[in-house]
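# Understanding the architecture of this molecule
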Amino acid sequence: MEWQPDEQGLQQVLQLLKDSQSPDTATQRAVQQKLEQLNQFPDFNNYLIFVLTRLKTEDEPTRSLSGLILKNNVKAHYQSFPPTVADFIKQECVNNIGDPSPLIRATIGILITTISSEGELQSWPELLPQLCNLLNSEDYNTCEGSFGALQKICEDSSKLLDSDALDRPLNIMIPKILQFFKHCNPKIRSHAIACVNQFIDCRAQALMDNIDTFIESLFSLASDEDSEVRKNVCRALVTLLEVRIDRLIPHMHSIVQYMLQRTQDPDENVALEACEFWLTLAEQPICEVVLSGHLVQLIPILVNGMKYSEIDIILLKGDVEEDEAVPDSDQDIKPRFHKSRTVTLQHDGSEGGGSEDPEDDNDDDTLSNWNLRKCSAATLDILANVFRHDLLPHLLPLLKGLLFHPDWVVKESGILVLGAIAEGCMQDMVPYLPELIPHLIECLCDKKALVRSIACWTLSRYAHWVVSQPSDSYLKPLMSKLLTCILDANKRVQEAACSAFATLEEEACTELVPYLSFILDTLVFAFGKYQHKNLLILYDAIGTLADSVGHHLNQPEYIQKLMPPLIAKWNELKDEDKDLFPLLECLSSVATALQSGFLPYREPVYQRCVTLVQKTLAQSMMYNQHPDQYESPEKDFMIVALDLLSGLAEGLGSHVEQLVARSNIMTLLFQCMQDAMPEVRQSSFALLGDLTKVCFLHVKPCIAEFMPILGLNLNPDFISVCNNATWAIGEIAMQMGAEMQLYVGVVLPPLVEIINTPNTTKTLLENTAITIGRLGYVCPQEVAPQLQHFIRPWCTSLRNIRDNEEKDSAFRGICVMIGVNPAGVVQDFIFFCDAVASWVNPKDDLRDMIYKILHGFKDQVGQENWQQFSEQFPPLLKERLSVCYGV
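A quick note: this is a predicted structure, and the numbers were derived from the prediction, not measured.

## Some thoughts on the overall build of the chain
- Within the chain one finds 50 helices and zero strands.
- With the C-alpha coordinates of the chain rotated into their principal frame, the extents come out at 100 × 70 × 65 Å.
- The buried share of the chain, reckoned over its 887 residues, is 56%.
- Relative to all contacts within the chain whose residues are 6 or more apart in sequence, the contacts with residues 24 or more apart total 76%.
- Surface exposure of the chain reaches about 38900 Å², of which carbon and sulfur atoms provide 52%.
- Looking at the chain, you have 70 positive and 118 negative side-chain charges, and the mean spots of the two groups are 2 Å apart.

## Looking at unusual backbone geometry
- Positive phi is not limited to glycine here, since R203 has a value of about 50 degrees.
- Among the structural elements, R203 can be located in the loop between α11 (186-197) and α12 (205-209).
- Despite not being glycine, C509 has its phi angle at roughly 45 degrees, a positive value.
- Inspection of the secondary structure assignment puts C509 in the loop between α29 (491-508) and α30 (516-529).
- On the accessibility criterion, C509 (30% relative accessible area) is partly exposed.

## Comments concerning empty space enclosed by the protein
- Under the definition given, this model contains one cavity of 30 Å³ or more.
- There is about 30 Å³ of room inside the largest cavity.
- If you go around the largest cavity, the residues you meet are Y606, L645, L648, A649, V656, V660 and L691.
- When the residues that make up the lining of the largest cavity are grouped by side-chain class, the tally is seven nonpolar, no polar and no charged.

## Remarks on the environment of E679
- Its place among the elements puts E679 in helix α38 (residues 678-694).
- The sequence separation of E679 and T342 amounts to 337 residues, and the corresponding C-alpha distance is 10.0 Å.
- Beyond its immediate stretch of four places on either side in the chain, E679 contacts S340 and I639.

## Concerning helix α17 (residues 268-282)
- Taking 1.5 Å per residue, 15 residues should reach 21 Å; α17 reaches 21 Å between its end C-alpha atoms and fits that length.
- Counting buried positions along α17 gives 13 out of 15 residues, so the element sits mostly inside the fold.
- The N-terminus of α17 is capped by D267, whose side-chain oxygen sits 2.8 Å from the backbone nitrogen of N269.

## What to know about the packing of α30 against helix α32 (residues 556-572)
- Interhelical geometry of α30 versus α32 gives an angle of 20 degrees and a closest axis separation of 10 Å. With respect to each other, α30 and α32 are oriented roughly parallel. When you trace α30 past α32, the crossing you get is left-handed. Facing α30, whose interface residues are L516, S517, L520, D521, V524 and F527, α32 presents E557, Y558, K561, L562, P565, L566 and K569.

## Focus on the environment of M736
- Counting through the fold element by element, M736 comes out in helix α41 (residues 719-736).
- The sequence separation of M736 and C425 amounts to 311 residues, and the corresponding C-alpha distance is 52 Å.
- With near-sequence residues (within four places) excluded, M736 lies in contact with F696, K700, I703 and Y743.

## Focus on the packing of helix α48 (residues 829-836) against helix α50 (residues 875-885)
- Orientation of α48 relative to α50, taken along the N-to-C sense of each, is 70 degrees, at an axis distance of 10 Å. Viewed along their axes, α48 and α50 adopt a mutual orientation that is roughly perpendicular. Read as a crossing pair, α48 and α50 show a hand that is left-handed. Across from C833, D834 and V836 in α48, the residues of α50 making contact are L877, L881 and Y885.
- For the contact of α48 with α50, the class distribution of residues is five nonpolar, no polar and one charged.

## Looking at the pattern of salt bridges
- Summed over the entire model, instances satisfying the criterion amount to 42 salt bridges.
- Residue R235 is joined to E273 by a salt bridge in which the shortest nitrogen-to-oxygen separation is 2.5 Å. Residue R235 is located in helix α14 (residues 227-243), and its partner E273 is located in helix α17; the two are separated by 38 residues in the primary sequence.
- Residue classification places E273 among the buried positions, given a relative accessible area of 12%.
- The shortest N-O distance in the salt bridge between D265 and R262 comes to 2.9 Å. Of the two residues, D265 and R262, neither departs from the other in class, the shared state being buried.
- A network of salt bridges, in which partner residues are shared, links D575, E576, R608 and K615.

## Regarding the side chain of Q682
- Tracing the chain through its elements places Q682 in helix α38.
- Not counting residues up to four positions away in its chain, the partners in contact with Q682 are S340, R341, T342, S720, V721 and N724.

## Brief notes about the packing of aromatic side chains
- Counted under the stated rule, the structure contains 22 aromatic pairs.
- Ring centres of F598 and Y601 lie 5.8 Å apart, and the angle between their planes is 55 degrees; on these two criteria the pair is classed as tilted. One exposure class covers both F598 and Y601, and it is buried.
- Among the aromatic side chains, those forming a connected cluster through ring pairs are F829, F832, F857, W866, F869 and F873.
- Over the ring of W839 we find K807; its NZ or CZ atom is 4.8 Å from the centre of that ring.

## Notes on the nonpolar core
- Of all hydrophobic cores here, the largest spans 317 residues; its most connected members are F214, W278, L391, F598, M740 and W794.
- In terms of residues, this core owes the most to one element, helix α35 (residues 636-652), which gives eleven residues.
- Residues in contact with L391, not counting those within four places in the same chain, are L295, I299, L380, L383, A384, I421 and C425.

## Notes on the side chain of E731
- Tracing the backbone through its elements, the reader meets E731 in helix α41.
- Take E731: its relative accessible area is 5%, and that puts it in the buried class.
- With sequence-adjacent residues up to four places away left out, E731 is seen in contact with G689, T692, K693, R774 and E806.

## A closer look at the environment of G401
- Position of G401 among the secondary structure elements: in helix α22 (residues 392-403).
- Classification of G401 as partly exposed rests on a relative accessible area of 43%.

Parameters and conventions
Residues numbered from 1 in each chain as written. Predicted model: local features only at pLDDT ≥ 70, side-chain atom pairs only at ≥ 80, totals over all residues. Heavy atoms only, no water. Helix = DSSP H or I, 4+ residues; strand = E, 2+ residues; numbered from the N terminus. Buried < 20%, exposed > 50% of the residue type's maximum accessible area, 1.4 Å probe, protein only. Contact = heavy atoms within 4.5 Å. Areas by Shrake-Rupley, 256 points an atom, 1.4 Å probe, with all protein chains shown as cover. Lys, Arg positive; Asp, Glu negative; His and termini not counted. Charge placed at Lys NZ, Arg CZ, Asp CG, Glu CD. 1 Å grid on protein atoms, 1.4 Å probe; cavity = no way out; pocket = protein on both sides within 12 Å on 5 of 7 lines; lining within 4 Å. Points joined across faces, edges and corners; volume = space filled by probe spheres on them. Nonpolar A, V, L, I, M, F, W, Y, C, P; charged D, E, K, R; others polar. Expected span 1.5 Å × (residues − 1). Polar contact = N/O pair within 3.5 Å; in protein donor to acceptor, adjacent residues only side chain to side chain. Axes fitted to C-alpha atoms, helices over the stretch in contact; angles between N-to-C directions. Parallel < 35°, antiparallel > 145°, perpendicular 65-115°, else oblique. Left-handed = near helix turned anticlockwise from the far one by under 90°. Salt bridge = Lys/Arg side-chain N within 4 Å of Asp/Glu carboxyl O. Phe/Tyr/Trp six-rings, centres within 6.5 Å; stacked < 30°, edge-to-face > 60°. Lys NZ or Arg CZ within 6 Å of the ring centre and 35° of its normal. Core = buried A, V, L, I, M, F, W, Y, C linked by side-chain atoms within 4.5 Å.

Right under this line is the structure:
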């Protein structure tokens, strides 16, 4: 007997569906309660599917809604549906997949996919064969509905479909679907390509076996009149480029010609898919060979794609020039993630130069959805890095026309082009910069806000060059105009100017000192003017300023300007307000820079940080014990607070001693060091190292408990945690002296393993080498026997580090260990010579230690052997050792 609804029950369900479309919140609440009651009856779901598939007289939105409520029920508790209910739903779905209404077909497709992704594909073995059979139907609706459902299943379960679990259905499905590439209806063709596209990335065997047929079928659809089909063809070629480039290479010339056309497609969605092709190709090793002959066509197309479209300008409110008084809504503000502190060493030669994070170069945030403009700009950026000077001949003739164009939209795109090529073409742009930079600085006063904001971004990309010129030429005018833009009446310009100024600060560093008063006046004035979102970016600009000018900020006049507004904000924000993150980060930089100048503020700031850590730990404990009753805490509060405590320790030195004495920070630190979240451990080890340097008397009583935890965290799978734990061990060793003997056995073996692991990051290698050297300095008898196991990577890790205290203590350690175990260094002595030569000015007693080792070795092997040995030295090393150590 087939299930039939009870008429009264059916009316009740229909009324509920009608009510749920009401905008009134009280009605909505009543609907929710009613739904929860009805869900107690297993056959409620039968009513829902019945309305969706059988009640053809009802309006479509009501029927579709019935299906969507059923979908949510399937997601929530399909496993508890009685078998009769589950079977009825499945049967109704398949029987009605060809409903005349596209909306109902799509809803049924979603329902089928939801059931199959609840692990039901295995227990619904007849589904795929049924859908594949229905593709052959003469009825368009049935064919389209089945394809729609199949496409959704392919999207959601591509891995499962390519596995033995289902007896590899793709072997039958893929050849069958490929036949539909030639179907007379564009919607069907589009579904067919979209289905197969799901299997390119995972290199499904069934597709690889038919790859040539697939590529030929794509080519036959190249000039399809339907834009959705063209979009899917482009998407297929882009994915193939990443996965099976070998199969495309023979056809590359015609593919490039095709993509040049498609990138100019009147449908922007097709143009965007096609533009992805260039972005993907630009990152492939064959890019240069394939594209060098086509740049003359491609570059103008990319440049043309970099203009704002009309819809962009509407979305960006491009015609609104003044909006500084309009408050931000919460969705304007992207979530911020705090980057935990990582301890790094300084290197020879500046390795600075802009940010490494491509996300920082976002020129129009609010359109954070990817579009043709962004894709074109990203492609040009990468191509500039691939082709460098070969790109400019195709660009320069265009640039002049763009940059001085009377239409602001065109001019704006020219400024974006200039910014996009900055990194790759910098060398070759230099001759033009003396003319271009003043023009860009002038654009900071353009009457269109979108031109002013893009000029900020592009100028920040050339900040390195600006700073390398005499400051009166460009730095001064740029700085003064950027500061004006920081106080612009348009929020987008304020944001772009603040970000650009932060980049300029990083490049200019102490060059800014003469202008500090003027800079601070502007930044502090912005405090009173900015809405919520830009305030967060302003904190960053102030923090970066403090990092860049350091102790020069410690002047009563500057402190008086800067601290009152910061502390006012600090007092205004509650402990649960996420705006504390950027403010605490900013204060951490300010405390480190101000040093003793921060003393008047240390007490409240320190206390609050400890409270934030304590609160978060308490919430975390409650949550772990009763996850059903409590929410998981936001651990960023604790991480940012630990990092600010590090900033205080670094800036205030021994002045934090009394604060530490009067608080339970060591107990809290013990808990943080064992937190499940790596970023919490990372920041706790940084703080432990900083406290060890400035008030070891409070750390020492905890060492016996702390060392085993530090040892456990020497795991390079968590690079930053491992790095900070390693650094802290080195700091502790220097304070413990010979008493460190107890712990060498715990920490030395993992450190030696890390220094010998290939592909370990530079920062971790350097910190590991420093710490091994320091352990050897305080416990030579325990560490020296291992010398031959680490001396070579130790020397290569430290040869590029600047002279500093850490390097000094590490080299003393190596010298002492060589004294205890000279045999340990014999095999790798040339590496030791090379590392020693990296010192510019070692202290006298360290120079003597090195001198004795070099001459001892020379005397030991004799003049003739030394002669042969030193013949292997590069000329520079030979000269260095001869001048400094007379060998």
